[in-house]
Amino acid sequence: MTKKNSLLSRLYIVLCFVFLYLPILVTTVFSFNSSKSLTRFTGFSLRWYAKLLRDESIISAVYVSLSIAIIATFVATVFGTITAIGISRNRKLIKNVVLNINNIPIVSPDIVLAIGLMILFTSLHFPRGYMTMLISHIVFCMPFVITSVYPKVRSLPPNLADAAMDLGATPLQTLLKVVVPMLKPGIFAGILLSFTISLDDFVVSFFVTGNGVSNISIVVYNMTKRMNPVINALSAVLIAVSVLIMVGTMLIPKMVKKRRAHRTLPTARSVAIRKWSARFVVFIGIALIAVFSVKGWSAQNKKTLRVFNGGEYVDMELIKRFEEENDCKVLYETFDSNESMYTKIKSGSEYDIIITSDYMIERLKREKYLSKLDTSQITRRDKVIPSLLKKNFDPKGEYSIPYYWGSVGILYDKTKVDTKDLKEGWNLLANPKYSGKLYMYDSSRDTFMIALKVLGYSMNTDNKKEINQAYEWLAKQGKVMNPVYVGDDVMDNMISSNKALAVVYSGDASYIIDENSDMDFFIPEQGSNVWTDSMVMTKFCENKKLAHKYMDFFLDHKVAVKNTKYIGYDSGVKSVYNYFKKEYYKGNSGCGPDISNPLNEEFTDQKNEIKKYMDELWTKIKTKR
Amino acid sequence: MIWSMILIILPLVMIALYSVVTKDDSLLSFNFTLDNFIKIGDPVYVKVIVKSLAVGALVTLICLVISYPLALFITRTSEKTGSILILFLTIPMLINTLLRTYAWISLLSEHGIINAALRSVGIARQNMIYNNFSVMIGLVCDLLPFMVIPIHTAMAKMDTNLIDAAYDLGANKLQVITRVIFKMSLPGVISGCISVFIFSISEFVVPELLGGHQFVLIGNLIENQFISIGDWNFGSALGILLVVLIIALAIALRKTDRGDNND
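Residues numbered from 1 in each chain as written. Chains lettered and ligands numbered in written order. Predicted model: local features only at pLDDT ≥ 70, side-chain atom pairs only at ≥ 80, totals over all residues. Heavy atoms only, no water.

Engineer: Hey, could you run me through the overall build of chain A in this one?
Structural biologist: Secondary structure assignment for chain A yields 23 helices and 10 strands. Within chain A, the proportion of its 625 residues that are buried is 55%. Of the contacts made within chain A by residues no fewer than 6 positions apart, 74% connect residues no fewer than 24 positions apart. Accessible surface computed for chain A: about 28200 Å², of which carbon and sulfur atoms make up 61%. (Helix = DSSP H or I, 4+ residues; strand = E, 2+ residues; numbered from the N terminus. Buried < 20%, exposed > 50% of the residue type's maximum accessible area, 1.4 Å probe, protein only. Contact = heavy atoms within 4.5 Å. Areas by Shrake-Rupley, 256 points an atom, 1.4 Å probe, with all protein chains shown as cover.)

In structure tokens form, the structure reads like this:
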């Protein structure tokens, strides 16, 4: 039998590995890119690595991911091994039942486990955060440990433990000195498996986390808006570390084996070394747990403020500055849509400050989640654009401080779209000329707004007939135009000119136009959505003084300028708005859009029944093709 | 031991409970209903479920077709190279899946790296993203190691004398591969298929990022119900359906495996 591979099969192996490593190679190469582009390499630089070291949210996510992976693996391994040994000593019936139950998390998709744990924690009113994430990770790691250890337990000679005890070993000695060493390969596989799964987990962590705790995956997921190469630098570092660990785990056992081969009898010294190294491992485990819990505890001792904001909706350096100025800790967490924010609150997460949109503030206010502001504590309130303090969702400006505002319109590529077609307004999105060349925004309300405006209805209608007509329009548009429905990834896509048209928020348009001058933006005459995002304080807020300070901080001219440079939206602070309109974004059509059109509206909170109806129709539209 | 079992069972019990009650603000009133399951019968959702199953099956098939020769070739290399190759197969599993998916976006997009490369050699721009192709690429790249490793493990355990024996008994190369090698590696194939299928059927991030938001699979549907729409009851019903589908499949596959061995 030939053991050699032909040239062709070697080529095949190489090709497979190229395919597997292509994405990893791309992230690594582009982590050294001197520009922001993720598709064009412009020169070598280490700037993203320098930025990585200063990015607090990523560093803390790495800390969360690693510490949870270590603790969860440790706990899951200890308890999993004990369980595996325990199972084997039970009667057959119990054994089978336990093993089958154990298989459930392994064969069931992680999303099922995720929603189950989410429901469980919610109904127990368990505060969500580090602990819930840790418990969940232990839960899904343990079955993997049990499945890797159990076969080894079964292959042990049945009388081994009895023999050890007959020879005078105590039960504990039997376990640690006889049984566990025999199970080593299984335990080792379990550790490796748990650690890998825990470190890479997104789904379960995403569903069970809260109170500002994010792991690497969650941070990356919320970064869709502006993919920044810092994350490539992080990935390159992680790759280097994992390669080292894997190579290490491969080489160390070999080296140990070699050394063992040299000696024939265990000397007293080697026994002592082994004993101490075992103790050392246990000690490290305990120490790690202690350090982590002390760190968590000491963070609680400082004044804290829990802030819940949209993804990429603040310059993190400002949060750091606020923490330093006020000697406090901001637990900053992000959400990807107003609706997901609402679900999170409904499921028992508590925050002090939330930054959200008009209609959602109306709902939170109605459901008594908010607490009134003490406007005297917000000294810079008079710097706000006056009209923003008199919006329908908060006519007297008692509950909210405006953060950013804007509208929705169409972003188009000047080199691909005929300017004569622009007078079609929203109907441009249904012009077959541009079929297959547009992005729609995946938000049921914003998209229905477009159709309702085309038909000349109010975007706040609760008339099902009108909504049905809008549905027909969107379904037909979907069929004819073949649009791609996207989330915030629309920004990176338009910056790289991937399509000719896109529905975007005005603030996102300013940012895109600033990066790609081929783009321009307009708001159709048929009217559009004019929105305001504001900061509100919840009823759970304990340190109200600090919360007021936070709001006041973001009204400061210099702070707001820095924040706006990062975000690109229209600031609620008058002087900042003027600066961007007249200087920084001069001539940029996305900045400070004209919203005087009487057909423009603000979203009002929908009745649950209408919301559900619209959401279902939206699912239908998306799945039509 | 018992508490760990509780933590595993309790979430499932809660999902089952949620799937058969109506939405109500108070947690204590349970109005039993099957509406959530009836709702799954709506053509829209049936379509999503069928699509998920099709995607799962296709990804599993592609992974199998790519992995089988790969595993075979790896087994044929020397032990040392083999273990190094397997090691390099596991490294991508340690790198965050989301990061790898983002890399595919910059590779495949209209003005992406691959298109730039194609253009420089004079080939017209290809439309490679936000369609079935990109989702398949992303999922296959993500899940390939989960197929290769179990197949390789099964093959490595195989007694090579059996192959020699088959040749000695006059079997040709094709017969050896189909009758001996494939049969011996079947347990690995089945466990690989099950894990790839489970992962691909319930994935929601990769389809969303590489297929656009119109690429709705059952995982996306569940995520939507829980995160943005807030209908946990319907979401739970979908979750239960997913578990039932997978368990049914696993049992069916195990049965065929056993049936084969009894021949």
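Engineer: What is the right way to look at the overall build of chain B in this model?
Structural biologist: Along the backbone of chain B there are 12 helices and 0 strands. The N-to-C order of helical and strand elements in chain B reads α-α-α-α-α-α-α-α-α-α-α-α. With respect to the principal axes defined by its C-alpha atoms, chain B has extents near 70 × 55 × 35 Å. Every one of the 263 residues in chain B was classed for burial, and the buried ones make up 55%.

Engineer: Looking at this structure, I do not really get the side chain of Asn563 of chain A. What am I missing?
Structural biologist: Residue and element names in this part refer to chain A. Tracing the backbone through its elements, the reader meets Asn563 in helix H21 (residues 557–567). Assessed through its relative accessible area of 1%, Asn563 is described here as buried. Polar contacts involving the side chain of Asn563 include one to the side chain of Tyr403, which spans 3.1 Å. If we ignore the near neighbours within four places in the chain, the residues touching Asn563 are Val314, Asp315, Leu318, Tyr403, Tyr404 and Phe554. (Polar contact = N/O pair within 3.5 Å; in protein donor to acceptor, adjacent residues only side chain to side chain.)

Engineer: What should I look at first to understand the packing of helix H3 (residues 43–76) of chain B against helix H9 (residues 173–202) of chain B in this one?
Structural biologist: If you want to describe how two helices pack, look at the angle between their axes and the distance between the axes. All names here are of chain B. Look at H3 against H9: their axes get within 9 Å of each other, and the N-to-C directions meet at 140°. If you check the angle between H3 and H9, you find them oblique. The interaxial crossing formed by H3 with H9 has right-handed handedness. Two secondary-structure elements touch here, H3 through Ser52, Leu53, Gly56, Ala57, Val59, Thr60, Cys63, Leu64, Tyr68 and Leu72 and H9 through Ile181, Phe182, Ser185, Val189, Cys193, Val196, Phe197, Ser200 and Ile201. For the contact of H3 with H9, the class distribution of residues is 14 nonpolar, 5 polar and no charged. (Axes fitted to C-alpha atoms, helices over the stretch in contact; angles between N-to-C directions. Parallel < 35°, antiparallel > 145°, perpendicular 65-115°, else oblique. Left-handed = near helix turned anticlockwise from the far one by under 90°. Nonpolar A, V, L, I, M, F, W, Y, C, P; charged D, E, K, R; others polar.)

Engineer: I'm lost on the interface of chain B and chain A in this one. Help?
Structural biologist: Buried accessible area, meaning the area lost when the parts come together, often serves as the stated size of an interface. Between chain B and chain A, the residue contacts involve 92 residues of the former and 95 residues of the latter. Note on chain B versus chain A: buried area summed over both sides is about 8800 Å², and carbon and sulfur give 75% of it. Applying the counting rule to chain B against chain A returns 3 salt bridges. Glu110 of chain B serves as the salt-bridge partner of Lys499 of chain A, at 2.7 Å between the closest nitrogen and oxygen. For the pair chain B and chain A, the number of links is 17 residue pairs in polar contact (both at pLDDT 80 or more). Considering every element that reaches the side of chain B that touches chain A, the biggest residue donor is H3 of chain B, with 13 residues. Of the residues assigned to the side of chain B that touches chain A, the class counts are 60 nonpolar, 21 polar and 11 charged. (Buried area = accessible area lost by both parts, 1.4 Å probe. Salt bridge = Lys/Arg side-chain N within 4 Å of Asp/Glu carboxyl O.)

Engineer: How should I be thinking about unusual backbone geometry in this particular structure?
Structural biologist: With the exception of glycine, the majority of residues adopt a negative phi angle, and the majority of peptide bonds are in the trans configuration. Residues and elements named next belong to chain A. Within the chain, Lys368 stands out as a residue other than glycine whose phi angle is a positive 60°. Looking at the element boundaries, Lys368 is found in the loop between helix H15 (358–366) and strand E4 (400–413). Classification of Lys368 as exposed rests on a relative accessible area of 63%. In this model, Asn482 sits at a positive phi of 50°, which is unusual for a non-glycine residue. Inspection of the secondary structure assignment puts Asn482 in the loop between helix H17 (464–481) and strand E6 (484–486). What makes Asn482 partly exposed here is its relative accessible area of 40%.

Engineer: What is the right way to read the pattern of salt bridges from this model?
Structural biologist: Opposite charge on two side chains lets them pair, provided their charged atoms get close. Scanning the model with the defined rule gives 24 salt bridges over all chains in all. Here Lys611 of chain A and Asp615 of chain A are joined by a salt bridge, their closest N and O atoms 3.3 Å apart. Highlighted residues: Lys611 of chain A and Asp615 of chain A, both in helix H23 (residues 608–623), separated by 4 residues, approximately one helical turn. Per residue, the accessibility class of Lys611 of chain A equals that of Asp615 of chain A, and both read buried. Here the salt bridges do not stand alone but share partners, grouping Lys612 and Glu616 of chain A together with Lys39 and Asp231 of chain B into one network.

Engineer: How should I be thinking about the nonpolar core in this particular structure?
Structural biologist: Nonpolar side chains tend toward joint burial in soluble globular proteins. Ranked by internal contacts, the top residues of the largest apolar core, which has 265 residues, are Phe207, Phe448 and Tyr550 of chain A. Setting aside residues no more than four positions away along its own chain, Phe207 of chain A makes contact with Ile111, Ala114, Ile115, Met118 and Arg128 of chain A together with Phe204, Glu223, Phe226 and Ile227 of chain B. (Core = buried A, V, L, I, M, F, W, Y, C linked by side-chain atoms within 4.5 Å.)

Engineer: Before we go on, may I ask you to explain the packing of helix H4 (residues 92–107) of chain A against helix H6 (residues 130–154) of chain A in this structure?
Structural biologist: All names here are of chain A. Viewed as axis vectors pointing N to C, H4 and H6 meet at an angle of 130°, and their least axial separation amounts to 9 Å. Accordingly, the angle class assigned to the pair H4 and H6 is oblique. Of the two elements, H4 crosses H6, and the hand of that crossing is left-handed. Contact residues: Lys95, Leu99, Asn102, Asn103, Pro105 and Ile106 in H4; Pro143, Phe144, Ile146, Thr147 and Tyr150 in H6. Here the residues of the contact of H4 with H6 sort into 7 nonpolar, 3 polar and 1 charged.

Engineer: Help me understand a nonpolar patch on the surface in this model?
Structural biologist: Residue and element names in this part refer to chain A. A surface patch of nonpolar side chains, amounting to about 510 Å² of accessible area, comprises Leu25, Val29, Phe41, Phe44 and Leu46. Mapped onto the fold, Val29 is located in helix H1 (residues 7–30). The class for Val29 is partly exposed, based on a relative accessible area of 37%. (Patch = residues over 30% accessible without salt bridge, like charges linked within 9 Å, V, L, I, M, F, W, Y side chains within 5 Å.)

Engineer: Please explain the pairing of strand E2 (residues 328–335) of chain A as it appears in this structure.
Structural biologist: All names here are of chain A. For E2, the buried fraction is high: 6 of the 8 residues fall into the buried class. Pairing analysis gives 8 bridges linking strand E1 (residues 303–310) to E2, with the strands arranged parallel. Among the inter-strand pairings, Asn309 is bridged to a residue of E2, identified as Thr334. (Pairing = 2+ DSSP bridges.)

Engineer: Whenever I open this one, the packing of aromatic side chains confuses me. Can you help?
Structural biologist: Between two aromatic rings, the relevant description is the distance of the centres plus the angle of the planes. All names here are of chain A. Applying the stated criterion across every chain, the model contains 43 aromatic pairs over all chains. Their ring planes at 15° and their centres at 5.2 Å tell us that Phe32 and Phe44 sit as a pair that is stacked. Of this pair, Phe32 sits in the loop between H1 and helix H2 (47–54) while Phe44 sits in the loop between H1 and H2, placing them 12 residues apart in sequence. Taken together through their ring pairs, the aromatic side chains of Tyr313, Phe322, Tyr403, Tyr404, Tyr441, Tyr505, Trp531, Tyr550, Phe553, Phe554 and Tyr569 make up a single cluster. We note Lys464 situated over the ring of Tyr613; from NZ or CZ to the ring centre the distance is 4.6 Å. (Phe/Tyr/Trp six-rings, centres within 6.5 Å; stacked < 30°, edge-to-face > 60°. Lys NZ or Arg CZ within 6 Å of the ring centre and 35° of its normal.)

Engineer: Help me out: how do you make sense of the environment of Ser435 of chain A in this one?
Structural biologist: Residues and elements named next belong to chain A. Within the fold, Ser435 resides in the loop between E4 and strand E5 (438–441). For the pair Ser435 and Pro483, spaced 48 residues apart in the sequence, the C-alpha separation amounts to 7.3 Å. In this view, Ser435 contacts Val480 and Met481; residues no more than four positions away in its chain are not counted.

Engineer: What is the right way to look at the pairing of E4 of chain A in this model?
Structural biologist: In summary, the side chains of a regular strand alternate between the two faces of the sheet. Residue and element names in this part refer to chain A. Buried residues dominate E4, accounting for 14 of its 14 residues. With 7 bridges connecting them, E4 and strand E9 (residues 530–537) associate as antiparallel partners. Opposite Pro402, over in E9, you have Ser534 as the bridge partner. Across 2 bridges, the pairing between E4 and strand E10 (residues 570–571) is antiparallel. Note on E10: the bridge partner recorded for Trp405 is Asp570.

Engineer: Got a minute to help me understand helix H14 (residues 338–346) of chain A in this structure?
Structural biologist: Residues spaced three or four apart along an α-helix face the same direction, because each turn holds 3.6 residues. All names here are of chain A. With 8 of its 9 residues buried, H14 lies for the most part within the structure. Buried within H14 are the following residues: Asn338, Glu339, Ser340, Met341, Tyr342, Thr343, Lys344 and Ile345. Within two residues after H14, Gly348 carries a phi angle of roughly 100°, on the positive side.

Engineer: What is the right way to look at the side chain of Asn309 of chain A in this model?
Structural biologist: All names here are of chain A. Tracing the backbone through its elements, the reader meets Asn309 in strand E1. Separated by 3.2 Å, the side chains of Asn309 and Tyr332 make a polar contact. Beyond its immediate chain neighbours, meaning those up to four positions away, Asn309 contacts Val314, Tyr332, Glu333, Thr334, Phe335, Ile355 and Tyr403.

Engineer: Help me understand the environment of Thr122 of chain A, please; the structure alone is not making it clear to me.
Structural biologist: Following the sequence through the fold, Thr122 of chain A ends up in helix H5 (residues 110–123). Residue Thr122 of chain A is classed as buried on the basis of its relative accessible area of 12%. Along the backbone, Thr122 of chain A and Lys346 of chain A are 224 residues apart, and their C-alpha atoms lie at a distance of 8.9 Å. Leaving out residues up to four positions away in the same chain, Thr122 of chain A has contacts with Ser347 of chain A together with Trp232 of chain B.

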